[in-house]
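Each chain, written out:
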Amino acid sequence: MPVPTTLSVPHTLEEVRGVVLRRFLAVDLMVAALVVVSLTVHAVTPESLLHRTAYLVPILFAAVAACLGARTAPHGERLVPTLVAAGVSLAAAGDVVWQVLDAAGVSPAVPVDHPPRLAGFLALSAAMWVVIGRSGPGRRVEATFMIDAATIVVVSVLVLWSVSFGRTVDEDAPSYVRAVWLAYPVADALLLALVVRVLLSSRARSAIDAAFGVGVLLWLASDVLYLVDPHGVGKETMDAAWMVAPVLLARAAWSWRPVLGAQADTRSSNGWLVGLAIAVVPLFVPPTVEVVADLRGRAESPVMFGLSSAVLVALAFIRTARLMIAEQHARAELERARDEALAASRAKSAFVATMSHEIRTPLTTVLATAEMLDDVDLDEDQQDLQRRMRRSGGLLHTLVEDILDFSRIEAGHLELSTVPFDLPAVAGELAHSYCARAAEVGLAFEALVDPGLPRLVRGDPGRLQQIAGNLLDNALKFTDEGCLTLEVRRAPGDAAVEARDDSEVAVQVVVRDTGIGIPPDRLAAVFGAFEQVDGSSTRRHGGTGLGLAICGQLAALMGGTITVTSEPGRGSEFVATVRLQVVRDDASGTLAGTAGPVASGR
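Everything quoted here is computed from the prediction, not taken from an experiment. Each chain carries its own residue numbering, running from 1 in the direction its sequence is written. Reporting of local features is limited, given that this is a predicted model, to residues whose pLDDT is at least 70; pairs of side-chain atoms are given and counted only at 80 or more, and all residues count toward the totals for whole chains, interfaces and linings. Note: side-chain values were computed over all heavy atoms of the structure, leaving out hydrogens and water.

Asks: Explain the overall build of the protein to me, please; I cannot follow it from the model alone.
Replies: Each helix and strand in the protein was counted, giving 17 helices and 8 strands. Whether a residue is buried, partly exposed or exposed follows from its accessible area with a 1.4 Å probe, protein chains only, as a fraction of its type maximum: under 20%, in between, or over 50%, in that order. In the protein, which comprises 602 residues, the share counted as buried stands at 40%. We call two residues in contact when some of their heavy atoms are within 4.5 Å. Taking contacts inside the protein between residues at least 6 apart in sequence as the whole, the part at least 24 apart equals 77%. Accessible areas in this description were obtained via Shrake-Rupley with a 1.4 Å probe; residue shielding takes into account the shown protein chains only. As displayed, the protein offers around 32300 Å² of accessible surface, 63% of which is attributable to carbon and sulfur atoms. Counting from the N terminus, the helices are DSSP H or I runs at least four residues long and the strands are E runs at least two residues long.

Structure follows, in structure tokens:
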């Protein structure tokens, strides 16, 4: 009875990929062995049928393999593999014709083996053009690609033409032969330009096997060697390159990967350097070629020098013009985006301001109703509910006011009043209010007013109290024990104030606490909108992160700044500086505030 066998079938994508890679590796090893054997036989045997057969075996194998690869490609992605197969096959046909004619000792007046070779170059160039086009936006060739390719073509033609100049012009040959030899530098340059441009494109490069680029470079290098010295010591090297190159090119017909999407080409982080090199370096090629020709004692070619220089300068001009136009468009887009963002921000701020105003109206009614309940006889539970309602309503009212102020400042609709007020008196009122609040939570409180401050000033007392109040609220919130200090003083270094209407004084509102402090890495962020010092701390203490942001913006509107110094665990010191106009007292001059503490307690 036969024993049943179990077939191992891959199920996952990784298993399938592993099987495919192993099979490709096995095929590559067999092809490499074939190429090595052919190279060895070709190198060790003299001119004979075996020598020529060893030369043609890898070339014909590459042509057949490329055709099979193109045939097995997906139906919608056969164009590039077909062009590659056509290029390899045409070049192989030219090699076969040349080997047959050479073996027969026939030297026709018309070189019939060269047209298939040149046609092969054109087919490979067309394949590269398709790859570049599919990697561009809308699956079309970008103007940048065309300019880069044209620049490389001009440089390549100039260099290769200078190398083959003696063979194409100096030899007394028929015009057809000279035209064919003259076409090789152009065909080589075109293929080289397109391959280099493909390699500079990350998307296009991902679709072509690396072996393709190596094969093209080998092919072009052997052509250049042949143009320089067709029968010299490099003949064996040229033959080896011509045998290996088609095999590498044929591999691309099997490993072709379609270019997905139609996004613009993306270069690496140093892609700007590559683009700069393509734009600038070619300008030095024409004079360099002329200098080399002069050093080698060869005839100068002013026509070629002038023509190539003019073309390269024209390409550089076109590239620069496109960059300037693109920069103008980018700036216009940025300006349009900025204007749209500002308009959206103003619309948002206006909406928030409107909603905050609409919310504040019924909220004021709720708070007033809660206050009226103080005159009503309530039991203990009802009184507790009434106190909670008033406290929560007060917090909500403060939040709405902060949002309203912040939205007004963002929208540029906040206007400061300019009225005369008694600066020490305003500071005293604020101190007495927070002295009682600090005592409720068991904190010491001290308030100081600089006796050198003028008594009467002109400005917005409400906004000044708002700045100091927000700073004191934060100090109360984040201080569990210790003391708070409010100090109103003249800014250090402020010039002496003369008693006249247009004089100003820089006033500093300083709030110190012994609270939890602020980490050094968060000091710069505390004045940002909706910023909190620490997640866990803000959850415990509450807050929206608008208070300090409003303080900073109000201080800026009043011509000053706000700063903070802090140490975790040892408290913080906030210093808000504002500029106020001094009001002259005609009767007794400018009066100072009360010296020393104006309020203290626990």
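Next comes the rest of the write-up.
Asks: Can you walk me through the confidence of the model for the protein in this structure?
Replies: One rule of thumb: low pLDDT means the predicted coordinates there are not for detailed reading. Here the protein averages 76 in pLDDT, while 77% of its residues score no lower than 70. Confidence per residue, as judged by the predictor, is encoded in pLDDT with a range of 0 to 100. With pLDDT under 50 throughout, residues 496–501 is counted as low confidence; its partners more than four residues away or in other chains account for 11 contacts. Segment residues 586–596 is flagged for pLDDT under 50; beyond a separation of four residues in sequence, or across chains, it makes 22 contacts in the model.

Asks: Sorry if this is basic, but what is going on with empty space enclosed by the protein here?
Replies: Over the atoms rolls a probe the size of a water molecule, and its path tells where empty space is left. Only protein atoms enter the 1 Å grid, on which a cavity is a set of points fitting a 1.4 Å probe that cannot get out and a pocket is an open set with protein on both sides within 12 Å along at least 5 of 7 lines, lining residues being those with an atom within 4 Å of a point. Grid points are joined across faces, edges and corners, and a volume is the space filled by probe spheres set on the points. Counted under the stated rule, the structure contains 2 cavities of 30 Å³ or more. Residue lining of the largest cavity: Leu-423, Val-426, Ala-427, Leu-430, Leu-464, Gln-465, Ala-468, Leu-486, Val-488 and Val-509, and that is the complete set. Of all elements in the fold, only helix 14 (423–440), helix 15 (461–477) and strand 4 (483–490) reach the threshold of two or more residues within the lining of the largest cavity. Taken as a whole, the second largest cavity spans an internal volume of roughly 40 Å³. What lines the second largest cavity is simply Thr-151, Ile-278, Ala-279, Pro-282, Leu-283, Leu-312, Leu-315, Ala-316 and Arg-319. For the lining of the second largest cavity, the elements supplying multiple residues, two or more each, are helix 10 (271–280) and helix 12 (302–372). Per-element accounting of the lining of the second largest cavity gives the leading share, 4 residues, to helix 12. Here the residues of the lining of the second largest cavity sort into 7 nonpolar, 1 polar and 1 charged. Each residue gets one of three labels, nonpolar for Ala, Val, Leu, Ile, Met, Phe, Trp, Tyr, Cys and Pro, charged for Asp, Glu, Lys and Arg, and polar for the others, Gly among them.

Asks: Looking at this model, I keep getting lost on the pairing of strand 5 (residues 504–513). Mind explaining?
Replies: Here is the key point about a regular strand: its side chains alternate between the two faces of the sheet. Burial analysis of strand 5 places 8 of its 10 residues in the buried class, the great majority of the element. The sheet contact formed by strand 4 and strand 5 spans 7 bridges and is antiparallel. The residue bridging Arg-489 from the neighbouring strand is Gln-508, located in strand 5. The pairing of strand 5 with strand 7 (residues 571–582) spans 9 bridges and is classified as antiparallel. In the sheet register, Val-509 faces strand 7, and the bridge partner there is Ala-576. Here, a strand pair is defined by DSSP locating no fewer than two bridges between the strands.

Asks: In this structure, what is going on with helix 3 (residues 79–104)? I would like to understand it.
Replies: Residues separated by three or four positions in an α-helix point in the same direction, a consequence of the helix having 3.6 residues per turn. Here the expected length of a helix is defined as 1.5 Å per residue gap, with one fewer gap than residues. Relative to the 38 Å expected for 26 residues at 1.5 Å per residue, helix 3 spans 37 Å between its end C-alpha atoms, a close match to the ideal helical length. Regarding helix 3, the residues found buried are Val-80, Pro-81, Leu-83, Val-84, Ala-85, Gly-87, Val-88, Ala-91, Ala-92, Gly-94, Asp-95 and Gln-99. Downstream of helix 3 by one or two residues, Gly-105 has phi in the positive range, about 70 degrees.

Asks: Where do I start with the side chain of Arg-463 in this structure?
Replies: Here Arg-463 shows up in helix 15. Residue contacts for Arg-463: discarding those within four places in its chain leaves Asp-405, Arg-408, Leu-414, Leu-416, Leu-554 and Met-558.

Asks: Help me understand the nonpolar core, please; the structure alone is not making it clear to me.
Replies: Most often, soluble globular proteins keep nonpolar side chains buried together rather than apart. Judged by nonpolar contacts, the single largest core of 49 residues is most densely connected at Phe-445, Ile-467, Leu-471, Leu-486 and Leu-580. For this core, the element with the highest residue contribution is helix 14, accounting for 8 residues. Once residues lying within four places of it in the same chain are set aside, the contact partners of Leu-486 are Ala-427, Leu-430, Ala-431, Phe-445, Glu-446, Ala-447, Leu-448, Leu-472, Val-509, Val-510 and Val-511. Throughout this description, the term nonpolar core refers to a set of buried Ala, Val, Leu, Ile, Met, Phe, Trp, Tyr and Cys residues connected via side-chain atoms within 4.5 Å. Within the second largest apolar cluster, 47 residues are counted, among which are Val-80, Ala-85, Val-130 and Val-180.

Asks: Before we go on, may I ask you to explain the packing of aromatic side chains in this structure?
Replies: Only the six-membered ring of Trp is used, alongside the rings of Phe and Tyr, when aromatic pairs are assigned; centres must lie within 6.5 Å, and planes under 30 degrees apart are stacked while those over 60 apart are edge-to-face, with the rest tilted. Taken as a whole and judged by the stated rule, the model has 1 aromatic pair. Both rings, one in Phe-121 and one in Trp-219, keep their centres 5.3 Å apart while their planes meet at 40 degrees; by these two values the pair is tilted. One end of the pair, Phe-121, is in helix 4 (residues 114–135); the other, Trp-219, is in helix 8 (residues 210–228), with 98 residues separating them in the sequence. The exposure class of Phe-121 is buried, given its relative accessible area of 2%. With relative accessibility at 6%, the residue Trp-219 sits in the buried group.

Asks: I'm lost on the packing of helix 3 against helix 4 in this one. Help?
Replies: The description of two helices packed together rests on the angle between their axes and the distance between the axes. Interaxial angles span 0 to 180 degrees and are taken between N-to-C directions of axes, which are lines fitted to C-alpha atoms, for helices over the stretch in contact. Viewed as axis vectors pointing N to C, helix 3 and helix 4 meet at an angle of 165 degrees, and their least axial separation amounts to 7 Å. Classified by the interaxial angle, the pair formed by helix 3 and helix 4 is roughly antiparallel. Along this stretch, helix 3 crosses helix 4, giving a crossing that reads as left-handed. Residue-level inspection shows Leu-79, Val-80, Leu-83, Val-84, Ala-86, Gly-87, Leu-90, Ala-91, Gly-94, Asp-95 and Trp-98 of helix 3 in contact with helix 4, the latter providing Pro-116, Arg-117, Ala-119, Gly-120, Ala-123, Leu-124, Ala-126, Ala-127, Val-130, Val-131 and Arg-134. Of the residues that constitute the contact of helix 3 with helix 4, the class distribution is 16 nonpolar, 3 polar and 3 charged. Each angle receives one of four descriptions, namely roughly parallel if under 35 degrees, roughly antiparallel if over 145, roughly perpendicular if within 65 to 115, and oblique otherwise. Crossing handedness follows the turn of the near helix against the far one: under a right angle anticlockwise gives a left-handed crossing, and clockwise gives a right-handed one.

Asks: How do you make sense of the pattern of salt bridges when you look at a structure like this?
Replies: Close approach of charged atoms allows side chains with opposite charge to pair. In what follows, salt bridge is the name for a side-chain nitrogen of Lys or Arg lying within 4 Å of a carboxyl oxygen of Asp or Glu. Applying the stated criterion to the full structure yields 15 salt bridges. Salt-bridge contacts for Arg-52 lead to Glu-47; the nearest nitrogen and oxygen are separated by 3.6 Å. Given the relative accessible area of 14%, Arg-52 is considered buried. Put simply, Glu-504 and Arg-579 hold a salt bridge, and the shortest N to O gap is 3.1 Å. Here Glu-504 is found in strand 5, whereas its partner Arg-579 is found in strand 7, with 75 residues between them in sequence. A residue is classified by how much of its surface remains accessible, and Glu-504, at 39% relative accessible area, is partly exposed. The class for Arg-579 is partly exposed, based on a relative accessible area of 35%.

Asks: Just checking my understanding: could you explain the pairing of strand 6 (residues 561–567) for this structure?
Replies: In the sheet, strand 6 pairs with strand 7 via 7 bridges, with the strands oriented antiparallel. Bridge pairing in strand 7 places Val-564 opposite Phe-574.

Asks: Mind showing me how you'd approach a nonpolar patch on the surface here?
Replies: A cluster of nonpolar side chains, namely Leu-276, Val-280, Leu-283, Phe-284 and Val-313, defines an oily patch on the protein surface of about 440 Å² accessible area. By secondary structure assignment, the location of Leu-283 is in the loop between helix 10 and helix 11 (285–295). Owing to a relative accessible area of 37%, Leu-283 belongs among the partly exposed residues under this scheme. To count toward a patch, a residue needs a relative accessible area above 30% and no salt bridge. Like charges then connect within 9 Å, nonpolar side chains (Val, Leu, Ile, Met, Phe, Trp, Tyr) within 5 Å.

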